[in-house]
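# Chain and residue survey
Here are the chains, one letter per residue:
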Amino acid sequence: MLNVVKDCKSGEQMKDGTGLSLLMRNFRDGYPLKPGQSLVGLSPCRGGQFQPRFEARRSPRVGIPKQSLGTRKFILSLALAIPAIIAAMPSRVLGAEQIFISYGPLQLTLPVSALEVYAREGKINDDLAFYARYIKPEQLAQLRNILLTRADVSPVAVAQFLYTPQGEVILRRVGEVIQTKAFQPGFYAIRAALIQAAADPEGLTLLNVLRNFPTYAVRINSERGFEILGDLTNAIRETQVAIASVEQQAIAEAATTPSDQSISAPLPMATSLNSSQGQDLQQQGPLKWEKQTLLLNDFSRSRAYAVDVYLPQLSGRSAPVIVISHGLGNDRTSFAYLAEHLASYGFAVAVPEHPGSNAERVRELFSGLANEAGPPSEAVDRPLDVKYLLDQLGATYQGRINLQQVGVMGQSFGGYTALALAGAEINFEQLQKDCPVLNETLNLSLLLQCRAIKLPPVDYNLQDGRVKAAIAINPVTSTIFGQSELADIKVPVMLVASSNDTVTPPLAEQILPFTWLTTPDKYLVLLKQGTHFSTMAESVANGGVIPIPVSVIGPDPKIAFNYMKLLSLAFFKTHVAGEQDYQRYLNAQYAQSISQDVLPLSLLQSLTAEQLNMRINRQQRTENRVSPTPQATP
């Protein structure tokens with residue numbers, strides 16, 4: 001019924017399609033209507049605030065279709081809005097006036113106005129003083145900053161995410177803790193508040209979320225909150241123990257590295273390409289290379305995409321091939337630094353753009369021009385992009401490249417792509433087991449992995465026999481592959497984990513999956529203090545989609561880049577090009593020698609699930625004996 005919205009000041013009509021339909025849907029979700037009353041429009045008034053218009057009869061709902069998503073950028077957009085979600089509860093034009101904190105029979109109350117006065121003026125009134133005495137001064141200062149910190153995202157972008165299956169899973173989980181005054185889950189109210197706050201002239205802040213709540217009060221179910229907090233605390237402890245286990249195992253392996261397989265420190269660059277003796281592999285190689293861009297069109301899948309090809313200038317021999325697959329929300333420039341580095345050492349490097357899950361697709365989604373990014377079909381299309389690419393490279397560069405020596409590497413969703421090509425198939429049995437309890441997980445990567453459950457459960461034959469080795473950086477693995485599929489990989493594999501990765505948690509997605517690998521040539525690399533974004537360069541086409549805060553990137557990315565240059569070169573020289581001299585760089589002792597304090601590096605080749613479980617259980621027994629877990633109190 002709604003095709004236009006009138007400006008209440010000028011009477012000028014605003015056509016639907018500018019994102020207002022999304023706001024309309026949220027008013028219907030969160031606005032309490034009287035019997036027989038129907039919301040038929042929104043009027044933008046008072047500096048951008050939308051006011052509802054009603055009529056006595058029901059009219060068809062105006063909304064947007066269900067959408068899907070699974071992306072690093074979408075998870076990042078949520079992370080940018082996380083302060084709002086944690087204290088934000090459902091709100092609309094009227095706004096919440098009270099925050100009720102329930103714990104058993106007890107109920108505490110905090111006026112929203114007390115938070116606003118503190119945020120605006122730094123004054124703690126009597127209402128807030130009761131709580132402030134239990135909070136450290138630095139925490140109070142942090143609270144004030146969070147209340148006013150603006151997430152620079154549009155209401156359309158926020159709505160696009162919150163109406164996807166992944167967004168709704170998160171809303172349901174948060175809604176268990178953040179409820180309406182009537183003890184109802186806050187699912188719809190939180191969504192309405194977030195989108196309305198993003199439409200406010202002051203932007204998406206925690207205070208604006210509170211102002212846009214469709215009920216008089218926000219209720220926090222602290223009992224459920226404590227349960228979730230307990231789960232999160234246990235997950236953090238187990239991850240810390242696992243990371244310590246990796247470090248201890250790496251130290252033990254370093255101490256037992258045979259002298260003929262060790263290099264104590266990086267040495268000056270050698271001039272001979274065919275010998276690794278004396279090389280500092282973090283430095284650029286001796287070869288010149290050229291870059292070409294191909295436009296491929298796989299008509300069988302209606303799939304067109306660009307590929308950057310880096311060709312080394314070799315004489316008398318063909319170049320082994322490396323394919324680099326970018327992550328969700330990135331593009332083929334994200335790992336250009338690695339492509340250039342490998343080409344300077346004699347590899348032909350191909351970097352495809354995956355059109356269904358790249359930065360441009362995310363930009364279209366956030367602007368309302370696309371319904372989804374990273375749809376279920378991308379789990380199949382990405383490996384097929386690489387297989388088709390290899391076929392075309394063979395025809396285009398016949399004689400210049402060697403398709404019997406192929407390596408693949410990728411990050412995040414690209415890490416999945418690399419492992420699929422190496423021999424791991426989609427594990428529908430594991431998906432059926434893990435995904436029904438998606439609402440209970442703290443592993444955000446399952447929001448992406450479980451999209452694959454929508455695919456027909458058939459054998460997609462994603463493996464490519466030309467692939468001789470694979471590197472997966474921060475990959476998703478636990479559910480989409482599971483233990484049985486990772487165990488089927490026969491080629492050498494390197495998994496790279498970052499200790500502070502909240503997108504693909506290191507314990508669940510890399511450390512434990514490493515123990516499932518049965519290939520004799522396997523390596524686990526740990527970047528302590530690293531994050532999901534530490535190894536990625538800023539995408540040329542990605543600027544402005546969602547800026548990544550420095551704190552999210554982690555310590556100096558140049559250090560992580562250098563680690564990846566060295567490790568990928570040594571790995572592919574050894575296991576793709578067959579130059580065994582480079583094996584000496586792939587051990588714990590050498591990783592220890594180049595490790596830097598701001599971003600410590602560990603590498604190991606042996607770790608079992610039994611070792612991990614033993615250390616985790618030992619730590620739990622120690623904690624229970626020294627300091628029994630106290631009962632949560634309000």
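Reading guide: rules and limits
- Residues numbered from 1 in each chain as written.
- Predicted model: local features only at pLDDT ≥ 70, side-chain atom pairs only at ≥ 80, totals over all residues.
- Heavy atoms only, no water.
- Disulfide = S-S within 2.5 Å.
- Helix = DSSP H or I, 4+ residues; strand = E, 2+ residues; numbered from the N terminus.
- Buried < 20%, exposed > 50% of the residue type's maximum accessible area, 1.4 Å probe, protein only.
- Axes fitted to C-alpha atoms, helices over the stretch in contact; angles between N-to-C directions.
- Parallel < 35°, antiparallel > 145°, perpendicular 65-115°, else oblique.
- Left-handed = near helix turned anticlockwise from the far one by under 90°.
- Contact = heavy atoms within 4.5 Å.
- Nonpolar A, V, L, I, M, F, W, Y, C, P; charged D, E, K, R; others polar.
- Pairing = 2+ DSSP bridges.
- pLDDT = per-residue confidence, 0-100.
- Right-handed = clockwise from strand over helix to strand, strands pointing away.
- Core = buried A, V, L, I, M, F, W, Y, C linked by side-chain atoms within 4.5 Å.

Moving on to the state of the cysteines. Tallied over the full model, the rule gives one disulfide. At a sulfur-sulfur separation of 2.0 Å, the disulfide partner of C435 is C450. Around the S-S axis, the bridge from C435 to C450 shows a dihedral of about -90° and counts as left-handed. Separated by 15 residues along the polypeptide, C435 in the loop between α15 (428-434) and α16 (446-449) and C450 in the loop between α16 and β16 (467-473) bring together distant segments of the chain.

Right, let's talk about helix α14 (residues 413-422) for a bit. Counted residue by residue, α14 has 10 buried out of 10 residues, so it is predominantly covered. Among all positions in α14, only F413, G414, G415, Y416, T417, A418, L419, A420, L421 and A422 are buried.

In this section: the packing of helix α10 (residues 222-255) against helix α18 (residues 506-516). Remark: α10 packs on α18, axes separated minimally by 10 Å, with the N-to-C direction vectors making an angle of 30°. The angle between α10 and α18 falls in the class roughly parallel. With respect to the hand of their crossing, α10 and α18 are arranged in left-handed fashion. Facing E238, T239, A242, I243 and V246 of α10, the residues of α18 in contact are P506, L507 and I511. Its residues assigned to classes, the contact of α10 with α18 shows six nonpolar, one polar and one charged.

Let's shift gears to the sheet that holds β16. Spatial strand order, β11-β12-β14-β13-β15-β16-β17-β18-β19: nine strands in an open sheet with mixed pairing. Each of the sheet's edge strands pairs with one partner strand only, and the pair in question is β11 (289-298) and β19 (601-604). Ignoring which end each strand starts from, the neighbouring axes of this sheet average 20° apart. Bridge analysis of strand β15 (residues 401-411) against β16 gives six bridges, and the strand direction is parallel. Bridge pairing links V406 to V467 in β16. Relative to strand β12 (residues 303-312), helix α13 (residues 378-396) is tilted by about 50°, and along the sheet it contacts β11, β12, β13 (319-325), β14 (348-352) and β15.

Averaged over every residue, the pLDDT of the protein is 81; the share at 70 or more is 77%. Across residues 265-275 the pLDDT falls below 50, and counting only partners more than four positions away or on other chains, this stretch makes 34 contacts in the model. Every residue in residues 629-634 scores below 50 in pLDDT, and together they form six contacts with partners more than four places removed in sequence or on other chains.

We now examine the pairing of β13. In terms of burial, β13 is largely enclosed, as seven of its seven residues are buried. Looking at chain direction, β13 and β15 are connected through seven bridges and run parallel. Its bridge partner lying in β15, I322 is registered against G407. In terms of strand pairing, β13 meets β14 through three bridges, oriented parallel. Residue pairing for β14: I322 is matched across the bridge by V349. On the question of chirality, the crossover connecting β13 to the parallel β14 by way of helix α11 (residues 336-343) is right-handed.

What follows deals with the nonpolar core. Residues L204, V321, L393, Y416, I426, I489 and I511 are the most contacted members of the largest nonpolar core, which totals 111 residues. The biggest single contributor to this core is helix α8 (residues 187-199), with eight residues. The contact partners of L393, leaving out residues within four places of it in the chain, are L294, V309, V321, A350, Q398 and I401. Of all hydrophobic cores here, the second largest spans 51 residues; its members include L281, L338, F561 and Y563.

Looking now at the environment of A359. By the secondary structure assignment, A359 is in helix α12 (residues 359-366). With relative accessibility at 0%, the residue A359 sits in the buried group. Considered as a pair, A359 and D331 are 28 residues apart in the sequence and their alpha carbons are 5.7 Å apart.

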